[in-house]
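# Geometric and topological summary
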Amino acid sequence: MPVHPARRGRGSLTNASGRFESEVRVAENDGWDLPEDVNPLRTVVTPERAKTIITRNESPDISFDRSINPYRGCEHGCVYCFARPTHAYLGLSPGLDFETRLVSKVNAAALLERELSAPGYQPKTIAIGSNTDPYQPIERTEKIMRDVLGVLSRANHPVGIVTKSALVLRDLDLLVPMAAKGLVKVALSITTLDPGLARKMEPRAGSPERRLDAMRRLSEAGVPTVVMVAPIIPAINDAEIEAILTRAHAMGAREAGYVMLRLPLEVRDLFAEWLMAHYPDKLRHVLSLVRSVRGGKLYDATFGKRMSGAGPYAWMVGRRFEAAAARLGLAKSRMPLRSDLFLRPARQGEQLQLL
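Quick caveat, the model's predicted, so the values are computed rather than measured.

In terms of regular secondary structure, the chain is built from 11 helices and 10 strands. Against the compact-globule benchmark of 20 Å for 355 residues, the chain has a radius of gyration of 21 Å, which places it among compact chains. Taking the principal axes of its C-alpha atoms as reference, the chain extends roughly 80 × 50 × 35 Å. The burial tally for the chain puts 52% of its 355 residues in the buried class. Surface summary for the chain: the accessible area is close to 17500 Å², and the carbon and sulfur share equals 53%. For the chain, the distance from the average site of its 50 positive side-chain charges to the average site of its 39 negative ones is 5 Å.

The following block contains the structure:
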């Protein structure tokens with residue numbers, strides 16, 4: 001496997017064509033071995049007017065049946081991100097394109113208001129951040145997440161947020177009143193406490209300390225917080241499970257969860273390239289452990305197995321996580337959010353009635 005140079009601030013090392021493309025781009029060594037400056041990759045954001053905004057699912061592995069993704073692609077650049085293969089549907093690469101060529105759903109808030117106002121709509125918790133991070137760097141200027149959160153706040157609609165960014169603190173003015181009504185909780189994903197490892201794995205996400213500080217400030221403001229140790233990567237960050245849970249609990253987290261590393265489709269090669277560049281001596285060992293939890297493969301999408309894996313190593317990780325969470329008093333059950341306060345937004349053209 002060739003070793004590709006890492007680009008500053010980017011997680012993926014290559015930009016191979018997506019699986020639906022008729023042409024394949026392959027980097028080829030011309031034999032000259034001359035030092036060359038690698039041009040920096042700039043982030044390009046394309047606006048999109050989506051047709052729908054609430055995505056439904058029937059997966060038994062997750063606790064929600066609906067979600068919102070304000071963006072396609074994610075600038076955080078997490079090399080392990082299981083959402084990378086979705087960029088192939090846009091004719092783009094799940095590699096560097098996923099973290100540099102982003103799509104902003106500019107009409108997300110208007111669509112959400114329309115979908116919530118449908119007469120047959122029944123409110124249940126909407127997950128935001130389950131695919132790409134709603135508080136990735138471009139949110140500072142695009143503000144799609146803030147607009148979506150504003151609609152949910154006005155409608156008293158329950159929402160669960162997952163992020164790796166301290167930018168979530170910007171929206172405390174919306175989150176605190178929602179939390180007081182039992183409408184929101186925020187999960188911070190913390191994969192490591194080692195800033196050097198974090199910079200390699202998730203180069204544009206908030207540092208571990210900034211995420212922990214965001215957890216503390218959210219908790220002190222009355223917003224329920226959750227720590228997600230996700231993903232657990234064999235022989236890379238698995239030794240940190242107990243330490244992450246301990247720090248998160250000290251910062252106010254009262255629930256915890258974990259996800260075993262998932263390597264679907266193109267992510268398999270991207271992650272192997274990353275290992276070769278950063279941890280070549282661990283490559284075979286890491287991939288061997290990954291196969292041990294995936295029935296001999298690098299990925300198994302079977303319901304009931306894809307989140308936690310199976311086999312002795314997966315069992316050990318699960319027991320370690322449970323023991324540490326129990327010792328700290330981190331809840332096994334999820335705090336339910338309220339849906340009985342829902343106020344259906346007025347539909348366009350609908351007259352307000354005087355009572």
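Having seen it, we continue.
Let us look at the environment of R347. By the element assignment, R347 lies in the segment after α11 (312-328). Note: C-alpha distance between R347 and P119 (228 residues apart in sequence) is 9.2 Å. Dropping the residues within four chain positions of it, R347 is found in contact with S117 and P119.

For the structure on display, the rule yields 20 salt bridges. Notably, a salt bridge pairs E255 with K185, separated by 3.2 Å at the nearest N-O pair. Placement of E255 in strand β10 (residues 255-260) and of K185 in strand β8 (residues 184-189) is noted, with a sequence separation of 70 residues between them. Taken individually, E255 and K185 each receive the classification buried, so the pair is uniform in this respect. Here R216 ties to E220 by a salt bridge, and the two come within 3.0 Å at their closest N and O atoms.

The rules we used
Residue positions are given per chain, counted from 1 along the sequence in the order it is written. Side-chain atom pairs in this predicted model are given and counted only at pLDDT of 80 or more, local residue features only at pLDDT of at least 70, and totals for whole chains, interfaces and linings cover all residues. Just so you know, side-chain values use all the structure's heavy atoms and leave hydrogens and water out. The numbering of helices and of strands both runs from the N terminus, where a helix is a DSSP run of H or I of at least 4 residues and a strand a run of E of at least 2. Atoms considered for the radius of gyration are the C-alpha atoms alone. The globule rule reads 2.2 Å times the number of residues to the power 0.38. Burial classes follow relative accessibility: with a 1.4 Å probe on protein chains only, a residue under 20% of its type's maximum area counts as buried, one over 50% as exposed, and anything between as partly exposed. In these tables, accessible area is a Shrake-Rupley quantity obtained with a 1.4 Å probe, and a residue counts as shielded only by the protein chains included in the view. This count recognises Lys and Arg as positive and Asp and Glu as negative, with His and chain-terminal groups excluded. Charge coordinates come from a single atom per side chain, which is NZ of Lys, CZ of Arg, CG of Asp or CD of Glu. Note on contacts: a residue pair is in contact if any heavy atoms of the two residues lie within 4.5 Å. Each reported salt bridge corresponds to a side-chain nitrogen of Lys or Arg within 4 Å of a carboxyl oxygen of Asp or Glu.

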